[in-house]
Amino acid sequence: MTFELQHTDPYSDARSGLITTDHGQIKTPIFMPVGTVGSVKGVHFSELRQQVQAQIILGNTYHLYLRPGLEILRKAGGLHRFNTWDRPILTDSGGFQVFSLTGIRKLRREGCEFRSHIDGSKHFFTPENVIDTQRIIGADIMMAFDECPPGQSDWQYAKKSLELTQHWLERCIKQFNTTEPLYGYQQSLFPIVQGCTFKDLRTEAAKHITDLLPQLGCTGVAIGGLAVGEPTEVMYDMIEVVNAILPKDRPRYLMGVGTPQNILEAIERGVDMFDCVMPTRNGRNAMLFTYQGTMNMRNKKWEDDFSPIDPDGCDIDRIHTKAYLHHLFKAQELLAMQIASIHNLAFYLRLVGDARKHIEQGDFTQWKASVISDLGRRI
């Protein structure tokens, strides 16, 4: 993987760049649709390519490890061949999913014991076998194994959690550097900055990772453990703390964020990569994101509105009307969720693409100020 920093905004920390992997290039800032089990819910890969224009998607180590399992993925030749997505893939390490299993997991220095949410079977993740699992999945970008502490953790818990994450990271790097890709193309490993909402812990984490980066060659850094219950302004503060320390010649990935407003605020603070389930999850619940605000397509006001879903959106937005989509949701047709998911993903990709364009033009901050208040409206 390589990263070229191409433009910087003169009035903020916003920047545009180009990530190059063996499966293609990624123009940043970028939003990455979430394909947890090897598919983006309700959206076919042809639509991801043509309508959404996705450049990279996510898979999840925890879920893919459980289903379809490592034996099937290895026999298939990795996730790219299994699901036929020929562009870059990033895999989360499963740390967040294990965090979500509070009550059926046990953390210790060696790793994490947990029970499957599918059948209750017992499993054990270590930094080493999480790296090995991601080698078998074959993601272009792999995540280090970490613990994601709750957003309201106290300092003592957050400190202990960070020490565990740092220990695991060093083991991840060692395992990464003593193993090889399995399918003939290169993989990169991103460390994850944790530290909850404490400036001193975030600073410590960012410095620790910066010191370790020479061992990983050209790679990026993820910022994890945010958007898990803390106030939005605190999240922005933590991004600023971390990005002031991380090297500028590496892509920065803010994990699991967020709303269109969150994304623009984070871009302004120097973040390059984003993922979130919100576009598809909200789409399945009839909520559509637009530059004018969020539309609830179940509302009666759309019943006889025969204007396009979004005249400036993707082809599907221009073909179908608001009235038709309203009808589909009222009739509980699966096509409603599909159209809405495609619309929302295409809008998120359009949003980061527009941000990139305005960074290149040198007027990102003015453009952001002109659109951000409308993005939060309900229409």
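Residues numbered from 1 in each chain as written. Predicted model: local features only at pLDDT ≥ 70, side-chain atom pairs only at ≥ 80, totals over all residues. Heavy atoms only, no water.

1. Digging into the nonpolar core
Counting residues in hydrophobic clusters, the biggest one holds 115 residues, and the most contacted among them are Leu-48, Tyr-253 and Ile-267. No other element matches helix 14 (residues 334–361), which puts 13 residues into this core. Dropping the residues within four chain positions of it, Tyr-253 is found in contact with Met-32, Leu-58, Leu-90, Met-143, Phe-190, Val-221, Ala-222, Ile-223, Met-273, Phe-274 and Asp-275. (Core = buried A, V, L, I, M, F, W, Y, C linked by side-chain atoms within 4.5 Å. Buried < 20%, exposed > 50% of the residue type's maximum accessible area, 1.4 Å probe, protein only. Helix = DSSP H or I, 4+ residues; strand = E, 2+ residues; numbered from the N terminus. Contact = heavy atoms within 4.5 Å.)

2. A short note on the sheet that holds strand 2 (residues 15–21)
Read from one edge to the other, the open sheet built from 3 strands follows the order 1-2-3, with strand pairing classed as antiparallel. The open sheet is flanked by strand 1 (2–8) and strand 3 (24–28), the only strands paired with a single partner. Adjacent strand axes in the sheet meet at a mean angle of 15 degrees when their direction is disregarded. Sheet topology places strand 2 next to strand 3; 5 bridges connect them, and they run antiparallel. Bridging from a neighbouring strand, Gly-17 pairs with Thr-28 of strand 3. (Pairing = 2+ DSSP bridges. Axes fitted to C-alpha atoms, helices over the stretch in contact; angles between N-to-C directions.)

3. A short note on the packing of helix 10 (residues 260–268) against helix 14
Remark: helix 10 packs on helix 14, axes separated minimally by 11 Å, with the N-to-C direction vectors making an angle of 25 degrees. Relative to helix 14, helix 10 is oriented roughly parallel. With respect to the hand of their crossing, helix 10 and helix 14 are arranged in right-handed fashion. Between helix 10, through Pro-260, Ile-263, Leu-264 and Ile-267, and helix 14, the contact on the second element is made entirely by Phe-347, Tyr-348, Leu-351, Val-352, Ala-355 and Ile-359. (Parallel < 35°, antiparallel > 145°, perpendicular 65-115°, else oblique. Left-handed = near helix turned anticlockwise from the far one by under 90°.)

4. A word on unusual backbone geometry
The residue after Arg-67, namely Pro-68, is reached through a cis peptide bond having omega 10 degrees. Following Val-257, the chain continues to Gly-258 via a peptide bond in cis, the omega torsion being 5 degrees. With respect to the helices and strands, the residue Gly-258 is situated in the loop between strand 14 (252–254) and helix 10. In this model, Gln-53 sits at a positive phi of 60 degrees, which is unusual for a non-glycine residue. Mapped onto the fold, Gln-53 is located in the loop between helix 1 (45–52) and strand 5 (57–60). In the Ramachandran plot, Ala-286 falls in the positive-phi region, its phi being about 70 degrees despite a non-glycine side chain. Here Ala-286 is to be found in the loop between helix 11 (278–284) and strand 16 (287–290).

5. Quick notes on the pattern of salt bridges
For the coordinates displayed, the defined rule picks out 18 salt bridges. The salt bridge partner of Glu-128 is Arg-171, with a shortest N-O separation of 2.8 Å. Of this pair, Glu-128 sits in helix 6 (residues 127–137) while Arg-171 sits in helix 7 (residues 155–177), and the two are 43 residues apart along the sequence. For Glu-128, a relative accessible area of 22% puts it in the partly exposed group. For Arg-171, a relative accessible area of 18% corresponds to the buried category. Bridged by salt links that share partners, the residues Glu-240, Glu-265, Glu-268, Arg-269 and Lys-368 form one connected network. (Salt bridge = Lys/Arg side-chain N within 4 Å of Asp/Glu carboxyl O.)

6. So, the side chain of Thr-61
As for its placement among the helices and strands, Thr-61 is situated in helix 2 (residues 61–66). Every residue in contact with Thr-61, bar those within four places of it in the chain, is listed here: Thr-91, Asp-92, Ser-93, Gly-94, Thr-133, Gln-134 and Ile-137.

7. A look at the packing of aromatic side chains
Counted under the stated rule, the structure contains 12 aromatic pairs. Taking 5.5 Å as the distance between ring centres and 55 degrees as the angle between the ring planes, the aromatic pair formed by Tyr-62 and Phe-114 counts as tilted. On the criterion of sequence distance, the pair formed by Tyr-62 in helix 2 and Phe-114 in strand 8 (residues 111–115) is long-range, its members being 52 residues apart. Of the two residues examined, Tyr-62 and Phe-114, each falls in the buried class. Grouped by ring-pair contacts, the aromatic residues Tyr-62, Tyr-65, Phe-114, Phe-125, Phe-145 and Trp-168 constitute a single cluster. (Phe/Tyr/Trp six-rings, centres within 6.5 Å; stacked < 30°, edge-to-face > 60°.)

8. Thoughts on the pairing of strand 2
Along strand 2, 6 of the 7 residues are buried, which leaves the element largely enclosed by surrounding structure. Sheet topology places strand 1 next to strand 2; 6 bridges connect them, and they run antiparallel. Following the sheet pairing, Phe-3 is matched in strand 2 by Ile-19. In this antiparallel pair of consecutive strands, strand 1 and strand 2, the connection spans 6 residues. Counting the residues between successive antiparallel strands, the hairpin from strand 2 to strand 3 contains 2 residues.

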